[in-house]
Amino acid sequence: MSFTPGAMTVGIEPQLFVIFGGTGDLSRRKLLPALFRLLESRQFEDTVEVLAVGTGPLSDEEFGDRVAKALAEDGLDSATDWCRRSVHYHSLREGFESLANRVEELEAASQLPGNRTFYLAIPPAVFDDTVESLGKVGLASGPGWSRVVVEKPFGTDSASAHQLNSLLHRWFDEGQIYRIDHYLGKESVQNLLALRFANPLFESSWNRDRIDSVQITVAEDIGIGTRAGYYERAGAIRDIVQNHALQILTLVAMEPPVRLDPEAIRDEKVKVLRSIFPVDTSQVVRGQYHAGTVDGVDVAGYRQEPKVNPDSVTETFVALQFMIDNWRWKDVPFLVRAGKRLPGRVTEISVVFKQPPVALFEVHGSCHMHPNVFDIRLQPAEGFELAFEMKVPGEGYDLNTQRLEFRYAAEFGELPGAYVTLLADVMTGDQTLFVRGDEVEEAWRIITPALDLGEEPDPYSAGSWGPAAADALLARTGRKWQEPRLSRTASS
Ligand code: BG6
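The structure displayed is predicted, hence computed values, not measured ones. (Residues numbered from 1 in each chain as written. Predicted model: local features only at pLDDT ≥ 70, side-chain atom pairs only at ≥ 80, totals over all residues. Heavy atoms only, no water.)

**As for the pattern of salt bridges**
Next, step 1: For the structure on display, the rule yields 35 salt bridges.
Next, step 2: For the salt bridge of Arg29 with Asp25, the shortest nitrogen-to-oxygen distance reads 2.9 Å. One end of the pair is Arg29 and the other is Asp25, both in helix H1 (residues 25-41) and four residues apart, which spans about a single turn.
Next, step 3: For Arg29, a relative accessible area of 46% gives the class partly exposed.
Next, step 4: A relative accessible area of 49% places Asp25 in the partly exposed class.
Next, step 5: The residue Lys136 makes a salt bridge to Glu132 at a minimum N-O spacing of 3.9 Å. A residue pair is termed a helical-turn pair when its members lie 3 or 4 positions apart in one helix, as Lys136 and Glu132 do in helix H5 (residues 127-136) at four residues.
Next, step 6: A residue is classified by how much of its surface remains accessible, and Lys136, at 61% relative accessible area, is exposed.
Next, step 7: One network of salt bridges, with partners in common, ties together Asp375, Glu385, Arg403, Glu405, Arg407 and Arg485. (Salt bridge = Lys/Arg side-chain N within 4 Å of Asp/Glu carboxyl O. Helix = DSSP H or I, 4+ residues; strand = E, 2+ residues; numbered from the N terminus. Buried < 20%, exposed > 50% of the residue type's maximum accessible area, 1.4 Å probe, protein only.)

**Regarding H1**
Next, step 1: Here H1 spans 24 Å end to end across 17 residues, near enough to the 24 Å set by a 1.5 Å rise per residue.
Next, step 2: At Leu31, H1 shows its maximal kink, close to 35°; a proline, Pro33, follows between one and four residues later.
Next, step 3: Residues Leu26, Ser27, Leu31, Leu32, Pro33, Ala34, Leu35, Phe36, Leu38 and Leu39 constitute the buried set of H1.
Next, step 4: Its buried side turned inward, H1 meets strand S1 (15-20), strand S2 (48-54), helix H2 (60-73), helix H3 (80-86), strand S4 (116-120) and helix H12 (418-428).
Next, step 5: In the stretch just after H1, Gln43 is the one whose phi turns positive, near 55°. (Expected span 1.5 Å × (residues − 1). Bend = angle between axes of the 7 residues up to and from the residue. Contact = heavy atoms within 4.5 Å.)

**Structural notes on the side chain of Thr316**
Next, step 1: Structurally, Thr316 is set in the loop between strand S10 (297-299) and strand S11 (317-323).
Next, step 2: Under the relative-accessibility criterion, Thr316 is labelled buried at 0%.
Next, step 3: Within the structure, the side chain of Thr316 is placed 3.0 Å from the backbone nitrogen of Tyr289, a separation counted as a polar contact.
Next, step 4: With residues near it in sequence (within four places) discarded, Thr316 still touches Tyr231, Ala236, Gly287, Gln288, Tyr289, Tyr302, Ala338, Gly339, Lys340 and Tyr460. (Polar contact = N/O pair within 3.5 Å; in protein donor to acceptor, adjacent residues only side chain to side chain.)

**A short note on the side chain of Lys340**
Next, step 1: Its location among the elements puts Lys340 in the loop between strand S12 (333-339) and strand S13 (346-353).
Next, step 2: Of note is the side chain of Lys340, whose polar atom sits 2.8 Å from the side chain of Glu220.
Next, step 3: With near-sequence residues (within four places) excluded, Lys340 lies in contact with Glu220, Ile222, Gly223, Ile224, Arg227, Tyr231, Asp239, Tyr289, Thr316 and Tyr460.

**Some remarks on the site of the ligand**
Next, step 1: Taken together, Lys152, His182, Tyr183, Lys186, Glu220, Arg227, Asp239, His244, Lys340, Arg345 and Gln379 make up all the residues around the ligand.
Next, step 2: Within the side chain of Lys186, one N or O atom sits 2.6 Å away from an oxygen atom of the ligand.
Next, step 3: A distance of 2.6 Å is found between an oxygen atom of the ligand and a side-chain nitrogen or oxygen belonging to Asp239.
Next, step 4: Expressed as a share of its isolated accessible area of 390 Å², the protein-covered part of the ligand is 82%.
Next, step 5: Here the shell around the ligand is composed, by residue class, of one nonpolar, three polar and seven charged. (Near = heavy atom within 4 Å. Areas by Shrake-Rupley, 256 points an atom, 1.4 Å probe, with all protein chains shown as cover. Nonpolar A, V, L, I, M, F, W, Y, C, P; charged D, E, K, R; others polar.)

**Describing the nonpolar core**
Next, step 1: Counting 142 residues, the largest nonpolar core has Phe20, Tyr119, Val241, Leu249, Phe322, Phe334 and Ile349 as its most contacted members.
Next, step 2: What Phe334 contacts, discounting residues up to four positions off in sequence, is Val214, Leu249, Val252, Ala253, Leu320, Gln321, Phe322, Ile324 and Trp329. (Core = buried A, V, L, I, M, F, W, Y, C linked by side-chain atoms within 4.5 Å.)

**Describing the sheet that holds strand S7 (residues 211-219)**
Next, step 1: With mixed pairing, nine strands are arranged side by side in an open sheet as S16-S15-S14-S13-S7-S12-S11-S8-S17. What marks the edges here is a single partner per strand, and that holds for strand S16 (399-407) and strand S17 (458-461). When the angles between neighbouring strand axes are averaged without regard to direction, this sheet yields 20°.
Next, step 2: Direction of pairing for strand S14 (residues 373-379) relative to strand S15 (residues 383-391): antiparallel, over a ladder of five bridges. Across the sheet, the residue bridging to Asp375 is Glu385, located in S15.
Next, step 3: Packing against the sheet, helix H9 (residues 228-253) makes contact with S7, strand S8 (284-290), S11, S12, S13 and S14, and its axis sits at approximately 140° to S12. (Pairing = 2+ DSSP bridges. Axes fitted to C-alpha atoms, helices over the stretch in contact; angles between N-to-C directions.)

**What to know about the sheet that holds S2**
Strands pair in a sheet through their backbones, by hydrogen bonds, and they do so in one of two ways: parallel or antiparallel.
Next, step 1: Ordered by their spatial adjacency, six strands build an open sheet running S3-S2-S1-S4-S5-S6, and the pairing between neighbours is parallel. Looking at strand neighbours, the two that pair on one side only are strand S3 (87-91) and strand S6 (177-179), the edges of this open sheet. For this sheet, the mean inter-axis angle between neighbouring strands, taken without regard to orientation, is 20°.
Next, step 2: Each of S1, S4 and strand S5 (146-150) touches H5; the most contacted strand, S4, lies at about 165° to it.

**Digging into the confidence of the model for the protein chain**
Next, step 1: Residues with a pLDDT of 70 or more make up 96% of the protein chain, whose mean pLDDT is 92.
Next, step 2: Of the regions scoring below 50 in pLDDT, residues 1-9 engages in 26 contacts with residues more than four places distant in sequence or in other chains. (pLDDT = per-residue confidence, 0-100.)

If you want it as structure tokens, here you go:
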């Protein structure tokens, strides 16, 4: 599914779908289940052959059985035939020439026209070699089209992202490159454009005249699990803010695109990013969780997690302010916070409107007026709530806050998974939901000052909303964080 009208109806062209990192965690947990769900739902199981590439010695049968078992554990028992018939395996031990031969053999055997998708679900350390080798053995251009899908992290800073772009562009045109940010595949994130540009009611107030501030919260209750190797070097700024949070921010802040096509939309997103000042480090709070209790369970602190340096200064929480230097948003702070081991899993945008210019009601009663707040819940319990003030029936003018509410689940049932959506778009050649090269470099530019500060992060207890300094950051300007309603955690 995508922003582009009609994209759903474009068929998935026959192709070979090659997964580098085919035996890895992402492939097992997300890609293979999403591929099967997608192909089955569109009855395209016979149009696409899958070739998983790894380093271990496995036969097609062994790998197919392994995938069938894993998918059955996810409740996808019907995938067994597909796994045995259409999922293949190739070991890179024999080099890229042998891979190129295998690709041709499979295409010939299945009468595929030479359309190829290369999905790079591999660690950054082997990324350069893989792209270079793909190019050198001629796989970047084939008898049909070739596309390359790149997982995050896309570089670790501006310079490395630029280098990666140059490397990719040596072998692939921008039109062949699909940089994944899985948040863009979420239905609730795609809906931001519809919400804004199909509803003049909101759009006419969507500016510095009416909006006081915008808050974006990406909270997770989980810790870092077994991902210390990656997370120690990433931290919350690289892991969430550079990609997911800034993507959400651009969709909230962008101007209407001239058309609903990939380039028009991505042009507007890049314009927002270009208007954002590099982050001011006096407006950044970094935190790290200590032992605490999440959902009634005692959990360890970050430094006690397996394979984490006991003196680590990696941030597991960050709160920061972005300022957009354009006509629509001048002086409206965009306040972002993201963290692990917070009280719950919730991603939410709170658009806080300005108070009326005259405090008419406060002089009449003991009441305190609250601003109108439009909470857009991206997950879970996707939907939105609009908080407004009303008079409490009876004498005087006591005010009370009420909420208008919409939930996807109540109207539309279960939403499709982000990877199903994104894979469908890769296979149909729709780049709208993928991050363009200039976009990713702009995002790095903005957050560069906040990277690798090397300072001790502020401690916070697991299960809390982060360090006190995050509240102080907003209190300086008389604001406070909107607390997401965690009781809203189910999808209904
Ligand atoms: C990933 C991050 O990109 O997003 C993880 O690397 C994070 O650290 C995950 O847990 C969150 O994704 P979601 O879809 O569960 O919000």
